[in-house]
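# Per-entry structural report
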Amino acid sequence: MQLTEKYDDPEALREDRHRRAGGLTTHFAEAGVLSVTDNHYYLDDALLEQGFEHENGCVVATKTALQVIEVRDGRIVAVLAKGAALNAGLPRYSARGALMLPAFHDMHVHLDKTFYGGPWRAPLPRRGATIFDMIAREAALLPELLRTSRERAEAVIDLLLSQGTTRARCHCNIDPISGLKSLEHLKLALENRSESLSCDIVAFPQHGLLRSGVEGLMREAAGMGVDFIGGLDPTVVDGAMEKSLDTMFQIALDHDKAVDIHLHEMAPTGVDAIRYMIETIERTPQLKNRLSLSHAVALATLSPEELEELASRMAAQGVTVVSAIPIWAPAMPLPQLRGFGVKLMSGTDSVMDHWSAFGTGDMLEKANLWARLYRNGDEFGLSRAMAIASGDILPLADDGSRAWPSPGDPAEFVLVAGSCSAEAVARRSPRLATFHKGRLVFGTVDKG
């Protein structure tokens, strides 16, 4: 299929989504419907978690039951027992016994400069390459990538939907080569998928805020509807930590935006940058609860005492850490950060680009990595690990009581071929259907 191919028939577009997603729902598509656009309906035969089973003081299993979900105007209005009296006048669909989980949140993803949606293309070797080498490679690629960046962004969005994601935060290049074109193309892609995905945009100076001289472009981007002002490695790339961070924060303040900075620097420069940003927020109340540290790998170099001191200040100022959960050593101290009250989020980062070939767009993969890295391989630990994929929304509270879904919750959910959250995390269970604002945006369900 050519990336520029257009679909006048929405059913044909949905069929193509299934094909590109790898055929996970082929056996369902034969009998199911591809569209649920009713404002008010029932979803029957949804498998919901009811509580934990204990043995010798340990959680050993998860209790589930089939239930009926009533959806109206994009929200869940009732969770009914199987066999309850239903309004015969409402449309009725069946989840066919699939497990219903909260939809996933991919809070760090690059949609604007991907190879995905085209022929296979591995990155060039990175051994020995500096970040400046990688920026130079990207600068050479951008004119080519811009030609199909909207179509490829839409392809990645469809991949995210097929994996159960309905909310994202996308970092969009603002650089001297693409100017504002990447942002313009991304906004078109998001508008074309606005009924399927909710997405915030970060204006991201990938080639350095100061180094590439893009302060003016960043300010223009701020006026084009982006939600966050980004930054990048202020010492290693920009060569002037305080000036780089001050410029980033000033753009955000001038345009009333939050901040999300890529910080790959290790100690000491990475720690120095984190401390400087916290100090800036402590003396600038307008920035409280408005800073996200993407990657922030320098936190992995701190002693327990240093981590506690810094994390406590981060929590007090509402600083969020957004980690792709890297598998290289040393491991990020994510459970410790959470224990000190720091808000955590995760994302899939790159999906097949010149930086990495390994992105899958699968947030359950991140939950699986969490469980493996932090040795949460039992029923309880696996079920808790899903929080990193679902924006801290879990079907069961720690004590086993029902926490989700409840009347009034947004109808954002995914149906998976699994028996419980723990199995879904451990086995990365296939996604069968994804719902956004009550609408079926991927997969199939039966018409009742």
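Residues numbered from 1 in each chain as written. Predicted model: local features only at pLDDT ≥ 70, side-chain atom pairs only at ≥ 80, totals over all residues. Heavy atoms only, no water.

In the nomenclature of an unreviewed UniProt entry, the chain is known as Cytosine/adenosine deaminase-related metal-dependent hydrolase of Aminobacter carboxidus.

### Remarks on the packing of aromatic side chains
To describe a pair of aromatic rings, you give the distance between the ring centres and the angle between the ring planes. The condition is simple: Planes of paired rings set the category: under 30 degrees apart is stacked, over 60 is edge-to-face and the rest tilted, where pairs are Phe, Tyr or Trp rings (Trp by its six-membered ring) whose centres lie within 6.5 Å. Helix and strand definitions here come from DSSP, where helices need a minimum of 4 consecutive H or I residues and strands a minimum of 2 consecutive E residues; each element is numbered from the N-terminal end. We call a residue buried when its accessible area falls under 20% of the maximum for its residue type, exposed when it is over 50%, and partly exposed in between, using a 1.4 Å probe and counting protein chains only.
Within the structure shown, the criterion is met by four aromatic pairs. Seen in terms of ring centroids, Tyr 41 and Tyr 93 are 5.6 Å apart; in terms of plane orientation they differ by 90°. Their pairing is edge-to-face. Placement of Tyr 41 in strand β1 (residues 40–55) and of Tyr 93 in strand β4 (residues 92–94) is noted, with a sequence separation of 52 residues between them. Both residues of the pair, Tyr 41 and Tyr 93, count as buried. Centroid distance Phe 413 to Phe 435: 4.5 Å. Interplanar angle 20°. Geometry classified as stacked.

### Re the pattern of salt bridges
Let me state the cut-off plainly: A pair is scored as a salt bridge if a Lys or Arg side-chain nitrogen falls within 4 Å of a carboxyl oxygen belonging to Asp or Glu.
Tallying each qualifying case throughout the model produces 24 salt bridges. One salt bridge in this structure joins Arg 219 and Asp 254, with 3.0 Å as the shortest N-O distance. Placement of the pair is Arg 219 in helix α6 (residues 215–222) and Asp 254 in helix α7 (residues 241–255), with a sequence separation of 35 residues. Accessibility expressed as a relative area gives 43% for Asp 254, which makes it partly exposed. Residue Asp 398 is joined to Arg 384 by a salt bridge in which the shortest nitrogen-to-oxygen separation is 2.9 Å. Taken together, the positions of Asp 398 in the loop between α12 (379–385) and β14 (413–416) and Arg 384 in helix α12 put the pair 14 residues apart, joining distant regions of the chain. Residue classification places Arg 384 among the buried residues on the basis of a relative accessible area of 15%. One network of salt bridges, in which partners are shared, links Arg 150, Glu 151, Glu 154, Asp 158 and Arg 193.

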